[in-house]
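# Summary of the model geometry
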Amino acid sequence: FVVALNKVDRCYDWQVCPDTPIRDALAKQSEGTISEFRTRSTDAKIQLQEQGINSNIYWEMGDDDWENSDFVPLVPTSAVSGEGVQDILLLLCQMAQRKLWKQLMWHANLQCTVLEVKQIDGLGMTVDVLVVNGYLREGDRAVFCTLDGPVIAEIRGLLTPPPSREMRVKSEYIHHKEIKGALGVKIIGNGLEKVMAGTSVLTIQNDDEEEDIKAEVMADLSSINNKLNVDKAGVMVQASTLGALEALLQFLREETDPPIPVSAVGIGAIHKRDVTRISIMNEKGKPEFATILAFDVDISSEAREHAEEMGVRIFTADIIYHLFDQFTRFMENLMEQRRQEAAAVAVFPSIVRILPQHVFNQKDPIIVGVEVVEGILKVGTPLCVPATGGLHIGKVTSIEANGREQETAKKGSSVAIKIVNESNPTITYGRQFDSTHCLYSTLSRASIDALKLNFKDKLENEDWRLVVKLKKIFNIL
């Protein structure tokens, strides 16, 4: 392949030479610009070398470099002003003649790849394939790859569009008894519904071992079988080809933080059965995973209607990152909604010490200055005194520091708090409790579970250690 070193026009003081061969454009640049170009191209070569790729500027490559199939030519270009574009086109032609001519020569061994699987009125389920080498004949027994294993189908018809028409344009097809590569062709047969785009197709001849042909067709799927393993709970991923599915799964599992679990995968257009398949997440109590991430695939109108009925979301995009962004925004909004719903139950762990010189009101509402000894003190936190048998002091209704109200106070901070006890307004500072008693957040099993489920990322490790400490104090199992 060829690597384009794009944005060469971003070099300092670059003189634009529209649609000019790159060497002619470089000849018109100043010494400072040439120096920066050399520095940047050297950095690019080093970065490629770190990935195990040998490379060089293409006009500096010797005969040995061209003969070495592992050596990659670099072509400086500018997509904005067009410098170097001619060089890329020239280089592709030269490489085809100098390095790839053996691979480009036609041979009789069948080399065929599935492009698309779709329903055609009057023909049923058909498979569009690209025959690169060899022959396909009507009546051949063809072996296709599916997620359920190899499928053998007799080729009932080979169709091509009229000359100067694409396969996607609806028109009368031309029937063929035999097709010779390289050519795109539509295959008619039975049992082709689950054939996967991007996989190979082979035919079984009289002297072939059927099991060997099946194994060869399934080789592409077997090589990524570990990556196709799914989780018990997760979203459904649907892609246009096997390669796209592999790339999407790798991105979701290895390049996202946290990883997005996947419970089902599929290739091709999304149908009603796919929606039904993932809707089970609603029944499992995981409604956020009743979601289909559709990468570069079509969605039938029936599937969309069924998704609305079953409470299944379908996110679509032609770029993997856009798909990830859509799902991430959905999860963030869902988590924020759950946090708001759980705010009344979840209690953050904290221990505060009363500052005796800052007692502003002794009786309901009690207003005192405190220092947060451990944990996080939040508005709404119920406080108690374990040393006096778990005496309930009241609930924190406001926190103020330096004349400003705030929602939380972390370890080490000194703030003024207002405590209201609606159930027992007679609680008085200096009578039932005083500055010798620390105030503790009143935790329960329900509040701890709410913290784990909705606020796990809001607490540090030392906060969780405090939760364990308070569990022992309040005898929570």
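An account of the accompanying structure is given in this report. Not measured: the values here are computed from a predicted model.

Before going further, it helps to examine the pattern of salt bridges. The full count for this structure, using the stated rule, is 16 salt bridges. The partner of lysine 177 in a salt bridge is glutamate 138, and the shortest N-O contact between them spans 3.2 Å. With lysine 177 in the loop between β10 (174-176) and β11 (178-180) and glutamate 138 in the loop between β6 (135-137) and β7 (141-146), the pair connects residues that are 39 residues apart, well separated along the chain. Residue lysine 177 is classed as exposed on the basis of its relative accessible area, which comes to 63%. Ionic pairing is found between arginine 445 and aspartate 449, a salt bridge with its closest N-O pair at 3.0 Å. You can see arginine 445 and its partner aspartate 449 sitting in helix α13 (residues 445-454), four residues apart, about one turn around the helix. Taken together, the shared-partner salt bridges connect Glu116, Lys118, Asp128 and Lys186 into one network.

Attention now moves to helix α11 (residues 301-310). One full turn of an α-helix is made of 3.6 residues, so residues set three or four places apart face in the same direction. Taken together, the buried positions of α11 are occupied by Ala303, His306 and Ala307. On an axial view of α11, the arc spanned by its buried residues comes to 105°, and they lie on one face. α11 presents Ser301, Glu305, Glu308 and Glu309 as exposed residues on the side facing more than 90 degrees away from its buried surface. On the buried face of α11, the contacting elements are α9 (272-278) and β17 (313-317).

Counting 70 residues, the largest nonpolar core has Val114, Val129, Leu136 and Phe144 as its most contacted members. In contact with leucine 136, not counting residues within four places along its chain, are Leu110, Cys112, Val129, Val131, Ile155, Leu158, Lys177, Glu178, Ile179, Val185, Ile187 and Thr203.

Cut-off values and rules
- Residues numbered from 1 in each chain as written.
- Predicted model: local features only at pLDDT ≥ 70, side-chain atom pairs only at ≥ 80, totals over all residues.
- Heavy atoms only, no water.
- Salt bridge = Lys/Arg side-chain N within 4 Å of Asp/Glu carboxyl O.
- Helix = DSSP H or I, 4+ residues; strand = E, 2+ residues; numbered from the N terminus.
- Buried < 20%, exposed > 50% of the residue type's maximum accessible area, 1.4 Å probe, protein only.
- Arc of directions from axis to C-beta.
- Contact = heavy atoms within 4.5 Å.
- Core = buried A, V, L, I, M, F, W, Y, C linked by side-chain atoms within 4.5 Å.

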